[in-house]
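For reference, the chains in residue letters:
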Amino acid sequence: MKQPKGFLRGRLGWFTLSILMALVSLTGACGSSETALPPADATYEVEGTIQRIGGSQGAYAEIVIRHRSITDFRNREGEVVGMESMAMPFAVASEIPVEGLAIGDPVSVAFEVRWEADPVLLVTGLELLPPGTRIDFGNSEAGPVETEGTEASATGDSDGADESEPEVEADAI
Ligand SMILES: [Cu+2]
């Protein structure tokens, strides 16, 4: 009850061919979205924290990253103008898993800039930094998050009926 050799070879040949065809169509599909993008005008690496996940820019996932200042950032004309620390939306390349990210995660990202393309900002590399890593955002935005809380309780000294009035201050006054 042996299969004729020719039959086996024929099956294998067909199988191999179908795999090859599948591979070709797969790489074709992957390549099509990426070959649509022109060469990047510039590439940068920067650290930051994840601010928002779940948006999209066309076919790309979108994440918002609060990034550190980028001192060598070049504008559309190619002049080094730098970029201050800020929260900024990025498209994310399809090969980068967004699912595992959480708000507040410290990350290091590599991103490409294409001034005349869509998306303009595309994350092509993403590395999770160890939990608890403190990202230094300079003096622009890092401070206010904590001072706001202090100010809010400091302004509650007027009459008291307003909001959550800190008991400590009420006693002090
Ligand atoms: Cu920015």
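Residues numbered from 1 in each chain as written. Predicted model: local features only at pLDDT ≥ 70, side-chain atom pairs only at ≥ 80, totals over all residues.

Novice: Teacher, can you tell me more about the environment of Arg 52 here?
Specialist: On the secondary structure map, Arg 52 appears in strand β1 (residues 42-57). As for Arg 52 and Gly 104, which are separated by 52 residues in sequence, their C-alpha atoms are 8.6 Å apart. Here Arg 52 is in contact with Ile 63 and Val 64, once residues within four sequence places are set aside. (Helix = DSSP H or I, 4+ residues; strand = E, 2+ residues; numbered from the N terminus. Contact = placed C-beta atoms within 7 Å.)

Novice: In this structure, what is going on with the sheet that holds strand β5 (residues 121-128)? I would like to understand it.
Specialist: Note on sheets: strands pair through backbone hydrogen bonds, and any given pair is parallel or antiparallel. An order of β1-β2-β3-β5-β4 is seen for the 5 strands of this closed barrel, with the pairing classed as mixed. Along the sheet, successive strands turn relative to each other by an average axial angle of 55°, direction set aside. Pairing of strand β4 (residues 106-113) with β5 involves 7 bridges; the strand directions are antiparallel. What sits directly across from Phe 111, in β5, is Val 123. (Pairing = 2+ DSSP bridges. Axes fitted to C-alpha atoms, helices over the stretch in contact; angles between N-to-C directions.)

Novice: Quick question: what am I supposed to make of the pairing of strand β2 (residues 60-67) here?
Specialist: The side chains of a regular strand alternate, first on one face of the sheet and then on the other. Direction of pairing for β1 relative to β2: antiparallel, over a ladder of 8 bridges. Counterpart to Ile 53 in the pairing with β2 is Ile 63. Joining the antiparallel neighbours β1 and β2 is a turn of 2 residues, in which Gly 58 adopts a positive phi near 60°.

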